[in-house]
Amino acid sequence: MQANCPAITKMLTYRNKCPLLLVLFLMMMAHNLFAQEQRTITGRITDAATQQPIPGVSVSLKGSGIGTASAGDGTFTLKIPAGKDQMLTFSSLGYASRELPLTASNQVSISLQASSSTLADVVVVGYGTQKRTSLTGAVSVVSAKELDGKPVTSAVQALQGAAPNLIIQQNVTEPGAAASINVRGVSTVNNTSPLILVDGVPGSLDLINPKDIESISVLKDAASSAIYGSRAANGVILVTTRKGKLNKVPRVTYSGFAGWQQPTFLVSPLSGVDYMQLKNEALVNSGQSAQFSPEQIRRQGEKGSEKWWMDEVMKPAALQHNHNLGVTGGIGKLAYLVSGGYLDQNSLYRGPGYGYQRYNFRTNLSTQLGKLKLAGNFAYARQDIREHAYYSDWLVSTAIRIPRIYPIKDSAGNYFLAPTASNNPLAQLEKGGLRKYSNGSYNYMASAEYALTSHLSAKLVYGADIRDNNMDEFRKSIDYTPYSGSDNQSARTVNHARSVQDNFQALLNYEQTFGKVHHVKALLGYATEGWKNEYRQKRQINVDNETGDSTAGTSTLTGFNDTYDTRVDRWALNSVFGRLNYSYSDKYYFEFNFRYDESSRFAKGNRGAFFPSFSAAWRITDEPFMAGVKERIGDLKLRGSWGQLGNQQILSNYGYLNIYTTVNNMYGFNNLPQPGASFAVGNPIITWESASSSNIGFDLSLLDNRLTISYDYFHKITNDILLQLTAPGLYGATPAYQNAGRVKNQGFEVAVNYRMKTGEFHHTFGANLADNLNEIVDFRGRTYLQEGDVTYINKEGFPISSYYGLQADGFYQNLDDIKNSPKPTFVNQVKPGDIKYVDRNQDGVIDNNDRFVMGNPFPRYTFGFNYAVNWKGFDASIFIQGVGKRNVYLRGEGVEAFHDNWDNVYAQHIDRWTPNNPDAAYPRLTIGTESVNNEANSTFWLFNAAYARLKNVQLGYTLPASLTGKVNIEKCRIYLTGQNLLTVTGMNVGLDPEVTEFNNSLNLNQLSSASSGRIYPVQKVWAVGLDINF
Amino acid sequence: MSKKRYCAMVLAAFLLGTTACKKLDLGPSYQDTDLTFWNNPEAAARALNNCYAGMYSEEYYFFNESLSDNALCSSSVNGGETRSIAEGAYDGRTNRVAGEWSYHFGGIRNCNNLLNNIDKVPGLDAGLKDRYMAEARFIRAFHYFQLMTWYGDVPLIENEISYEESFAIGRTPRAEILNYILQELDAVTAVLPLKNEYSEADKGRITKGAAAALKAKVLLYESRWDEVVAICEQFINGGTYGAYSLFPDYAGIFKPENENNSEVILDMQFVPVYRTHSMQRFFIPYTEGTLITGMAPSQELVDDYVMANGKGIREAGSGYNESTPFQHRDPRLEATIIHDGSSFVTKKGDTITIRTAPGTGDNAVDKSDASHTGYYFRKYYDRTADGNNNSGLNLILIRYTDILMMYAEAKTMLGQMDAAVWDKTIRAIRQRAGFTDPAALNFDNYAGLGNAGMMNLVRRERRCEFALESQRIFDIRRWRIAETVMNGILHGMKVGNSYLEADTRVFNPGRHYLWPVPQADIDMNKNLLPNNPGW
C-alpha cells in the first residue's frame, strides 16, 4: 500500500474533478484511522553548507503532533503510525524549515540551509506567518542569535543597532530603567512607541527574558502593520517565544554570564588648585572679589586635591550576573518548554545593596489533537528594584559639581556639606532610606485552532497582560550635625497599581491553491481589547525614622497626588480586521489588509476608523526572460505598499471630556482644608491621528544566497495629529487636544548580510543603515515655542521639537570688536571674551528676532555593523552601533562653568578665553548674572552627537562534540563578552553622546535632565558566559 | 464539503457572537466631567475654592521684595528670575514676566468658569449664590488690578473665551480696566458680608471690608487722594466695612498663633500640613533654611529704619553710631530683619545667635550659599513649619495698618496732615510697634517738616512697616522713584571699612515702568501690539 502513495498523492490533486478518486481517498483515510501499524523512521540532519550534524532540530510528522528532536550527532528516531501521504517537517532555529514527503524508506537523510541570509525562512507577521519569499511589506527580523551573548539586562538593549530604523534610546540608565523604542523615527508629537506584542498579546520587551525569545519581527510599513490599524502608526514589534519540542528526552539548556559593570565618566573634574584659580578668575571677571587668597591656594596645593564626589558615590565596579535554564520535551502529544531566568544587576551607587533583580518564568505548551491545535503560554516576570529614596538627578547634580577642595566626609567622619549644596549625596545613599519596587507581571496566552476543512481553520485566542506594581519609598531624615543641611523630614510613599490588559481574538484562516499557480490566503478576524488600571497611594511625612511606620507626629498628606483610595482608569478598543493574499506562480504577490477600530478615547460618532493597506511584490528574476540573470547574479524581489494607519495614544484617556478634579485641600479657611475643583478643558470633536504611509523596496540575494541586500524607502504623512496646541497666556488654560497637525516623515533602510568561507574560517558580515527625517507640514500656521534653559520650536517646515536659538559667532576679541558689533538687548553690557551672536535679521541689535531653527534632536543615519567569524570551535564577533547625525543641546551644570552660581568647572573649561588665549574653546569665565550673555540659547551649546560605539565584543570557544558527547553534553560554549567598550564621538565635553532628554516621543512635557549631565553614568560591562545544552 | 462549510460558518458565527464587545463609554473613576460636575450641590463651593487658591502666588508675594530695593535675589533662577529683572536684564520671555501674565489670566478663567456655570448647580441658596459670585468677582478684579499694574493695557475678558478668540483679542485701555475694577469692587462691596457676619469656619473669606480696602488701594495707586481718604475714613470712623484694629504686637501679626487677627483684612490662607508654602527657606538664616539663601534684605532697607527717637540715621542728633548700628533703632527693624548678632529661636526651640560677619560660620556673608548681604528676614518666619520648611502660615495682602498708612499718605498729599491725622495713623502705628520716645510719637516734632518732608516721612514709614509684605515694588513704581532707587549698587552689610556691593541694578524709566506683554503671546496674537513703550 505504501508503494501506491505517490500515485495517490498525484491523483488527489484532482479529487474534486473525480468523484471516484475521492471515494478512494476517503476509503484510505478510513483505513488509516483504523490501522495501528507503526513504523520507525531514523535519519540524520546536516548543515547544507558545512556538512556538520545539526543537533536539536525539531522533527515532526506533519499534522499529527508526533515529533522528536535530533541528538548531538544530528540523528533522530521517530515512531509514527504507518500511513499514506505523510510528510515530515524539520525546523530549527537559524535554519530554513523543510518538509520532506515520506517514502517507503525508513531512512532519511536531509540537509538544512542556514537561514540567516536566505529568503526561504518563515517570518512572523500580524496574526500569522509568511514565507519571507512572499513578503510584500517592510519587515525586519531579529533572530535569537543576534541577542545572544550580550551582557545586557533587557531584550531592548540587545536590539540596539540590530535592525535598521529600530531606534533605541535611553534617558535614564539606572538599573531597571526602561529604554525607549522607536521605529522609523517620529511622525507625531504624541507617543511614538511601537505596539509590542508577545505571541500576539500585548507585552513588554523590558520584562521578557531575552533567552525566551525565538524571533522578533519589526513591522515597519503600512502593509505589514495595517492589520493592527489604530495602534500601528508607530510600527509593530512582534515577539515570538520559543516553543516546546517533542523531544523523547527532555533537553536542557543553561546559559549565563557574570561580569562587572564600570561607570564611564566622561566629565573630568579639575584639581583643587585649578578650581580655585578658575573660580577666582570667574569672580573677578564678573566684577566680584576673588574668593581664595594666594595663601589658601598654596596650602591647597600642598595638601593635594580631595577625591571627586562622583568617585565617592560610585563604586569602581559592580557585579552583574544572569542565569537561564530551559527544558523542552514532550509528554505524549504535549510539547512543552519550561524556562527560568534570573538577573542580578548591582547598582554602581554605594549604599545598602542597591540594584535590580529580575526573575523570569515561562511555560509554553502546545499539542495537536487531530484537527484541533491547542497552545498555551504563561510567563511570569518579577522585578525587584532597590534604590536610594532620592532622585538621581539631584544626587548626581550635587556629586558632579562639588570642587575637589571639599572632602565628602570631614576629618571627624561627618558627612560634609559643601557650599552650594545643602545635602550630601553619600549621606543620601547611605542614610537616606530606600525606594523599593516589586513588580510582578503575568502574561498569558491561550489559543485553540481547529481545522474546519483542509483549507479553512478557525482560531480563538485569549491573552492577558497583568502587571502588579508596588512601590515603597521611605525617605529618612538625615542628621547632618554639626552642619545644617536639608533632608530633615522623613517621608513615606507607598503605592500600588494593578493593570490588566486583555485581549480576545477570533480568527478565520483560509488557504487554497487553485490550478497550481493561484495561491490564495485570507484572514478575517475580530478582536476586543481593554485596559484597566487600578491604583492607590498613601503619602505620609514625619514617620518613624527607623521603621517608616506612622507614629505620634505623622501626618498623612491628602493632596490630589498624595494619598488616595483606589482610582480606576480604562480604555477599550473593538476591532474587525482582515487580510487577503494572492500570489501567482510564486512570482507576483498581492496583499490587502484592513482594520476597523472603535476606541473609547473619543466621543461617540468620532470613535471608529477604517485603515486599509495594499501591497504587491514581484520576483522579477523568476520571469523566464531573467533566468540568465538569476543564474549568474541572484534573486531579486521588488516590493511596494501603501496604507493608512492610526494613532490614538495621547496623554489623556478622556481628552474629549472637560475634566474636573476635586482635591481635599485645594484651599483652607481658618486652618481647615477645603475641597476644591480645578478643571481641564476637553475637546469633544477629537478623533484618530491617521498616517498614510508608502514604502518601496527590494530584496536581492546574490552569490548563492551568501550575499543579501534589502532596501526600503518610506514616505509617511501623518494627518490630524492630536496637538495640545499652544495658546497665548491670556487664554487662561492649558488648551485641549485637537486634530490639528500634519507631519511628513521619510527615510530609508538598507541591510546587507554576507557569508563567506576562507579555509576553515566562516565569516558573516552584517551591516545596516537607516535614516528618517520628519518635518512639520501643517501646524495651523502656528509656531510653538517652549522657552527655557533649552528652547524648542515646533514650526512648519522643520522637524518636531527642533532646537531654537541664536547663532554663535566666536568671541568678542576686544572693545572695538564690541563697539562694531550689534549689541545684545538682553544684557546691559558684554565684554571681550563673551560669545558674539549673528545679527541674522540685520537690524543692528541681537535679540529674539535673530533666533533660528538650529538643530534636530532626533537621530539620523543610525547604523549597526557586525562581524562574526568561526574557526573550528572558536568564534569571535564584534558589533558596532551608532548614529550618523544628531544634534543635542547641552545645558546647565553639565557644560557651563559655574552654572547658577555653583562651583562646577571641568577640564574642558581650562581652554577658556583670556586676552592671551583668543582662540579658546570656551568663553571667558563668568559667574552669576555676568553669564547671561553666554548662557543664552545659541549654537554654542549645540553639539554634534554623532557617534560610533563598540557595543559588543565576544570571543567564544565551543568544546568539541567528540569530547562533550561523552558526558552527554550536546554543546558547551564559553565566552568572554564586553559591552559599550569604546565610543568614538566628536562630542568631547564630557557627556555621553547617546544620552537624550527625550523619552519615547519628542514630547516636550516629559523632558529629563539627562542633557545637563544629571544622569547615572552609562556602564561598560565585561563578562564571561557559559552556554550548555544537554 | 457543503456540510463542512456550513459547520464552519456556524462555528464562526458562534465565535463572533460569544465575543462581547468592550464598552467604550469610559470615564475616570476619581474625576468629574462637565456633564456630572455641576450637578453636584457642592460644585459651586469647590469651584470657588479653586479661585481662592489661584488668587495670588506666594512666590510672587515674597520675591516681589527682591524686585525692589528692599532685598537682593541672589540666585539667577529663584522667584522667576527676579534678579535679572531687578538688574534691568529681562524681556517678555523672562520667567516672571511671562508667568505673571498667564497666572492671572488663568485665575480669571477660573472665576469666569464659576460665574458661567453657577446657574446649573442644583439647590443652591440664592443668597449663598450671590455671595459666591461676589467672592469670585472680587478675585477677578484682584487679578485685573495686578495685571493693570504690571502691564498697563490688558485684554478684558469676562467670559470663558474660546481657543480661537485667544488669538484675536486685543488690549483694553488701562483707563477702562481701571473703571471696570472700581465698578466691580463697588458691586461686590454691596453684596459681601462683613467680617463678623461670616461663621468661624468661613474665616478668611473675602469680606465687604476687603473689597473696600482693595478699592482704596487701587485708588491710592492712581493718586486719587480724595477718594482714598473717603474710604479710609469709613474704616477709621465707623463699622461700615467691619471692625478692624491694630494688633497690639507688631511681630505677632505674622505669627501662626495670631492668624486672622484683628487687623487682617485680606490674606492668602494656608493650612499646616495640608496646604502649605515653602517660601521661608529662601530668606531665613541659611542654617535654618538649609537651601541656598535666595533672598536677603539690603543695607538700604536697614538704613531706612529710623532711630528710636524718630530721626533718620543720617539726621543730625540721631545718635546713630555706625559701629553699633542696631542699637536704639525702630523696633520693627529687629522684628523684620536678622543681622550679625541677632538672636534667633530655631524650629527645635533653641535660642541661637546668628553670625553673618565673614568667617563666622555657615550663615556668614562669605559663604556662597548664605545671604549675600549679611542679613536675613525674620518676619513671616514660622517656627511650626515642618522639616522641609513647609509652612501653613497665612500671608497678609491687606491689613488695617495699610488703611491707616493709605490715609496718612493721602492726607499728606492733599496737604492735610495734621495732629489729628498723625495721631490716628503714624503715632498709633509707631506706638504699636514699640516706640516710646515722645520724639518719635508727637506730631509737634514733625509739624515743621513741610509737605515734602512729611511725604518722605510717610513713605519711609510705609517702607519699614511693610517690608517683606509685597508693597515696596508697587510703591516705588507709583511714586516714580524707581529710576532713583533701582539704579546703581545695592549694598550688603559693612565689612571692614565699606559696605558690600551685592548687586548692580538698572532701571530705565523709558521702558521699565511697565513690563512687556509676554513674547509668547505677542508671537501668537498680533492684536496685542503695539507692545508697551520701549519694548
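Residues numbered from 1 in each chain as written. Chains lettered and ligands numbered in written order. Predicted model: local features only at pLDDT ≥ 70, side-chain atom pairs only at ≥ 80, totals over all residues. Heavy atoms only, no water.

1. A few points about the overall build of chain A
Right, so step 1: Helix and strand counts for chain A stand at 13 helices and 51 strands.
Right, so step 2: By the compact-globule yardstick of 31 Å for 1030 residues, chain A fits well, its C-alpha radius of gyration being 32 Å.
Right, so step 3: A principal-axis box enclosing the C-alpha atoms of chain A has dimensions of 105 × 70 × 65 Å.
Right, so step 4: Split into buried and exposed, the 1030 residues of chain A put 58% on the buried side.
Right, so step 5: For chain A, restricting intrachain contacts to residue pairs at least 6 apart in sequence, the fraction spanning at least 24 positions comes to 69%. (Helix = DSSP H or I, 4+ residues; strand = E, 2+ residues; numbered from the N terminus. Rg over C-alpha atoms; globule rule 2.2 N^0.38 Å. Buried < 20%, exposed > 50% of the residue type's maximum accessible area, 1.4 Å probe, protein only. Contact = heavy atoms within 4.5 Å.)

2. A short note on the nonpolar core
Right, so step 1: Judged by nonpolar contacts, the single largest core of 259 residues is most densely connected at Phe-138, Tyr-144, Phe-235 and Tyr-380 of chain B.
Right, so step 2: With 13 residues, helix H6 (residues 126–151) of chain B is the largest single contributor of residues to this core. (Core = buried A, V, L, I, M, F, W, Y, C linked by side-chain atoms within 4.5 Å.)

3. Quick word on empty space enclosed by the protein
Residues and elements named next belong to chain A.
Right, so step 1: Following the criterion strictly, the structure yields 18 cavities of 30 Å³ or more and no others.
Right, so step 2: Space inside the largest cavity adds up to approximately 420 Å³.
Right, so step 3: Lining the largest cavity we find 30 residues, and of these Thr-153, Gln-157, Gln-170, Asn-980 and Gln-1019 sit closest to its centre.
Right, so step 4: Taken together, the elements giving at least two residues each to the lining of the largest cavity come down to strand E11 (166–169), strand E20 (355–369), strand E49 (947–958), strand E50 (971–985) and strand E51 (1019–1029).
Right, so step 5: For the lining of the largest cavity, the class distribution of residues is 9 nonpolar, 14 polar and 7 charged.
Right, so step 6: Forming the walls of the second largest cavity are 18 residues, and the residues nearest its centre are Leu-266, Gly-990, Leu-991, Gly-1013 and Ile-1015.
Right, so step 7: Here the lining of the second largest cavity is composed, by residue class, of 14 nonpolar, 3 polar and 1 charged. (1 Å grid on protein atoms, 1.4 Å probe; cavity = no way out; pocket = protein on both sides within 12 Å on 5 of 7 lines; lining within 4 Å. Points joined across faces, edges and corners; volume = space filled by probe spheres on them. Nonpolar A, V, L, I, M, F, W, Y, C, P; charged D, E, K, R; others polar.)

4. Quick look at helix H8 (residues 208–221) of chain B
All names here are of chain B.
Right, so step 1: With 14 residues, H8 extends 20 Å from end C-alpha to end C-alpha; this agrees with the ideal 20 Å at 1.5 Å per step.
Right, so step 2: In terms of residue burial, H8 counts as a mostly covered element, since 14 of its 14 residues are buried.
Right, so step 3: Positioned one or two residues after H8, Ser-223 has a phi angle of 60°, which is positive. (Expected span 1.5 Å × (residues − 1).)

5. Quick notes on the sheet that holds strand E44 (residues 852–855) of chain A
All names here are of chain A.
Right, so step 1: As summarised here, the arrangement of the 4 strands in space is E37-E38-E39-E44, forming an open sheet in which the pairing is antiparallel. Two strands bound the open sheet, and with one partner strand each, they are strand E37 (784–786) and E44. On average, each strand axis in the sheet is inclined to that of its neighbour by 45°, with strand direction left out of account. (Pairing = 2+ DSSP bridges. Axes fitted to C-alpha atoms, helices over the stretch in contact; angles between N-to-C directions.)

6. Quick look at the sheet that holds strand E1 (residues 32–33) of chain B
Right, so step 1: Taken in spatial order, the 3 strands make up an open sheet running E32(A)-E31(A)-E1(B), and their pairing is antiparallel. The sheet is open, and its two borders are formed by strand E32 (672–680) of chain A together with E1 of chain B, each paired with just one other strand.
Right, so step 2: The pairing of strand E31 (residues 659–669) of chain A with E1 of chain B spans 2 bridges and is antiparallel. Residue pairing across strands places Ile-659 of chain A opposite Thr-33 of chain B, the latter belonging to E1 of chain B.

7. Section: the packing of helix H13 (residues 400–413) of chain B against helix H14 (residues 419–433) of chain B
Residues and elements named next belong to chain B.
Right, so step 1: Two elements in contact, H13 and H14, have axes separated by 9 Å at closest approach and are oriented at 135°. Looking at the two axes, H13 sits oblique to H14. Read as a crossing pair, H13 and H14 show a hand that is left-handed. Residue-level contacts link Thr-401, Leu-404, Met-405, Tyr-407, Ala-408 and Lys-411 of H13 to Val-421, Lys-424, Thr-425, Ile-426, Ile-429 and Arg-432 of H14.
Right, so step 2: A breakdown of the residues in the contact of H13 with H14 according to their chemical character gives 7 nonpolar, 2 polar and 3 charged. (Parallel < 35°, antiparallel > 145°, perpendicular 65-115°, else oblique. Left-handed = near helix turned anticlockwise from the far one by under 90°.)

8. Looking at unusual backbone geometry
Right, so step 1: With an omega of 10°, the peptide bond between Thr-481 of chain A and Pro-482 of chain A qualifies as cis.
Right, so step 2: Within the fold, Pro-482 of chain A resides in the loop between strand E23 (456–475) and strand E24 (491–514).
Right, so step 3: Although it is not a glycine, Ser-223 of chain B adopts a positive phi angle of roughly 60°.
Right, so step 4: Its location among the elements puts Ser-223 of chain B in the loop between H8 and helix H9 (225–237).
Right, so step 5: One non-glycine residue, His-328 of chain B, adopts positive backbone phi at about 60°.
Right, so step 6: Along the chain, His-328 of chain B turns up in the loop between helix H11 (299–304) and helix H12 (331–336).
Right, so step 7: Of the residues examined, His-328 of chain B reaches a relative accessible area of 58% and is grouped as exposed.

9. As for the confidence of the model for chain A
Residue and element names in this part refer to chain A.
Right, so step 1: Summarising the model, chain A shows a mean pLDDT of 87, and 95% of its residues fall at 70 or more.
Right, so step 2: Mean pLDDT values over the elements of chain A span from 36, in helix H1 (residues 5–12), up to 97, in strand E42 (residues 835–837).
Right, so step 3: Under a pLDDT of 50 for its full length, residues 1–35 has, in the predicted model, 22 contacts with residues more than four places off or in other chains. (pLDDT = per-residue confidence, 0-100.)

10. Here we look at the interface of chain B and chain A
Right, so step 1: With 96 residues of chain B at the contact, the number on the chain A side is 93 residues.
Right, so step 2: Approximately 7900 Å² of surface area, both sides summed, lies buried where chain B meets chain A, with 56% of it carried by carbon and sulfur atoms.
Right, so step 3: Note that Asp-25 of chain B is salt-bridged to Arg-607 of chain A, the shortest N-O span being 2.7 Å.
Right, so step 4: Sorting the residues of the side of chain B that touches chain A by element identifies helix H1 (2–18), E1, helix H2 (43–53), helix H5 (95–117), strand E3 (264–268), helix H10 (286–289) and helix H19 (519–524) of chain B as the ones contributing at least two each.
Right, so step 5: Sorting elements by how many residues they give to the side of chain B that touches chain A places H5 of chain B first, with 8 residues.
Right, so step 6: Among the residues forming the side of chain B that touches chain A, the class breakdown is 39 nonpolar, 30 polar and 27 charged. (Buried area = accessible area lost by both parts, 1.4 Å probe. Salt bridge = Lys/Arg side-chain N within 4 Å of Asp/Glu carboxyl O.)

11. Thoughts on the pairing of E49 of chain A
Residues and elements named next belong to chain A.
Right, so step 1: With 10 bridges joining them, strand E46 (residues 874–885) and E49 adopt antiparallel strand pairing. Each residue of the ladder has a partner; that of Asp-875, found in E49, is Gly-956.
Right, so step 2: In this sheet, E50 lies alongside E49 in antiparallel orientation, the contact comprising 11 bridges. Paired with Tyr-957 across the bridge in E50 is Ile-974.

12. A closer look at the environment of Lys-716 of chain A
All names here are of chain A.
Right, so step 1: Along the polypeptide, Lys-716 turns up in strand E34 (residues 707–723).
Right, so step 2: Leaving out residues up to four positions away in the same chain, Lys-716 has contacts with Ser-187, Ala-233, Ala-691, Ser-692, Ser-693, Val-743, Lys-744 and Asn-745.
Right, so step 3: A polar atom in the side chain of Lys-716 sits 2.5 Å from the backbone oxygen of Ala-233. (Polar contact = N/O pair within 3.5 Å; in protein donor to acceptor, adjacent residues only side chain to side chain.)

13. Considering the packing of H6 of chain B against H8 of chain B
Residue and element names in this part refer to chain B.
Right, so step 1: With their axes 11 Å apart at the nearest point, H6 and H8 run at an angle of 15° to one another. Here H6 is positioned roughly parallel relative to H8, judged by the angle of their axes. Where H6 crosses over H8, the two elements pack in a sense that is left-handed. Here Phe-138, Phe-142, Phe-145 and Thr-149 of H6 lie close against H8, whose contacting residues are Ala-210, Ala-211, Leu-214, Lys-217, Val-218 and Tyr-221.
Right, so step 2: Residues of the contact of H6 with H8, tallied by class, amount to 8 nonpolar, 1 polar and 1 charged.

14. A short note on the packing of aromatic side chains
All names here are of chain A.
Right, so step 1: Overall, the coordinates contain 76 aromatic pairs over all chains when judged by the stated rule.
Right, so step 2: Ring plane angle 20° and centroid distance 5.8 Å describe the contact between Tyr-406 and Phe-416, whose orientation is recorded as stacked. On the criterion of sequence distance, the pair formed by Tyr-406 in the loop between helix H9 (392–401) and helix H10 (425–431) and Phe-416 in the loop between H9 and H10 is long-range, its members being 10 residues apart.
Right, so step 3: With a relative accessible area of 12%, Tyr-406 lands in the buried category. (Phe/Tyr/Trp six-rings, centres within 6.5 Å; stacked < 30°, edge-to-face > 60°.)

15. Comments concerning the pattern of salt bridges
Residue and element names in this part refer to chain A.
Right, so step 1: Tallied over the full model, the rule gives 88 salt bridges over all chains.
Right, so step 2: Among the ionic pairs, Asp-562 bridges to Arg-539, the shortest N-O distance being 3.2 Å. One end of the pair, Asp-562, is in the loop between strand E26 (555–556) and strand E27 (564–584); the other, Arg-539, is in strand E25 (residues 518–541), and 23 residues separate them in sequence.
Right, so step 3: Accessibility expressed as a relative area gives 28% for Arg-539, which makes it partly exposed.
Right, so step 4: Between Arg-973 and Asp-1027 there is a salt bridge; the shortest N-O distance is 3.7 Å. Highlighted residues: Arg-973 in strand E50 and Asp-1027 in strand E51, separated in sequence by 54 residues. For the pair Arg-973 and Asp-1027, a shared accessibility class is recorded, and that class is buried.

16. With respect to the state of the cysteines
Residues and elements named next belong to chain B.
Right, so step 1: Summed over all chains, the structure comprises 0 disulfides over all chains.
Right, so step 2: With no disulfide partner, Cys-51 has as its closest neighbouring cysteine sulfur the one in Cys-111, 3.9 Å distant.
Right, so step 3: Accessibility expressed as a relative area gives 1% for Cys-51, which makes it buried. (Disulfide = S-S within 2.5 Å.)

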